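These are the residues of each chain, in order.
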Amino acid sequence: QVQLVESGGGLVQAGGSLRLSCAASGSIFSIDGMGWYRQAPGKQRERVAIIRSGGNTAYADSVKGRFTISRDNTKNTVYLQMNSLKPEDTAVYYCFAEIRTGRGPEEFENDYWGQGTQVTVSS
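Residues numbered from 1 in each chain as written. Predicted model: local features only at pLDDT ≥ 70, side-chain atom pairs only at ≥ 80, totals over all residues. Heavy atoms only, no water.

Trainee: For this particular structure, what's the right way to read the overall build of the chain?
Mentor: Assigned secondary structure in the chain consists of zero helices and 11 strands. Listed N to C, the secondary structure of the chain is β-β-β-β-β-β-β-β-β-β-β in terms of helices and strands. In terms of overall size, the chain behaves like a compact globule, its C-alpha atoms giving a radius of gyration of 14 Å where 123 residues would be expected to give roughly 14 Å. Dimensions along the principal axes, computed over C-alpha positions, put the chain at roughly 50 × 25 × 25 Å. Evaluated residue by residue, the chain yields a buried proportion of 40% over its 123 residues. Working note: accessible area of the chain is about 6600 Å², and carbon and sulfur atoms make up 44% of it. The averaged location of the 12 negative side-chain charges in the chain is 5 Å from the averaged location of its 13 positive side-chain charges. (Helix = DSSP H or I, 4+ residues; strand = E, 2+ residues; numbered from the N terminus. Rg over C-alpha atoms; globule rule 2.2 N^0.38 Å. Buried < 20%, exposed > 50% of the residue type's maximum accessible area, 1.4 Å probe, protein only. Areas by Shrake-Rupley, 256 points an atom, 1.4 Å probe, with all protein chains shown as cover. Lys, Arg positive; Asp, Glu negative; His and termini not counted. Charge placed at Lys NZ, Arg CZ, Asp CG, Glu CD.)

Trainee: I keep staring at unusual backbone geometry and nothing clicks. Help me out?
Mentor: For residues that are not glycine, phi is negative in most cases, and the peptide bond is trans in most cases. Positive phi outside glycine occurs at asparagine 76, with the angle close to 50 degrees. On the secondary structure map, asparagine 76 appears in the loop between strand E7 (67–72) and strand E8 (77–82).

Right, dumping it as structure tokens:
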């Protein structure tokens, strides 16, 4: 019943910028962490950035100084601003959210995932 819908991926030249968005909807009681993972062909999935409800953030070393994660709690939406993009940033980007669907212990936080959006950086 909970779903995350991503947008903002596309093709960009090296040095350019993209902004990804991911909105959560459905039976949401609360959301703690939100963030982004990425997976390139032939590589393992990599955690890119996370942000908690209070605003605390963490980034992969490979994107520090270039990417910024943010969220709008009134819209249940997380963003990823990607600047100074490099060809090695090319991947499918997946958003996630740690969501409670109710107060009960069986409704405790679970991870929900978006469908993925392709980011391609050309050289």
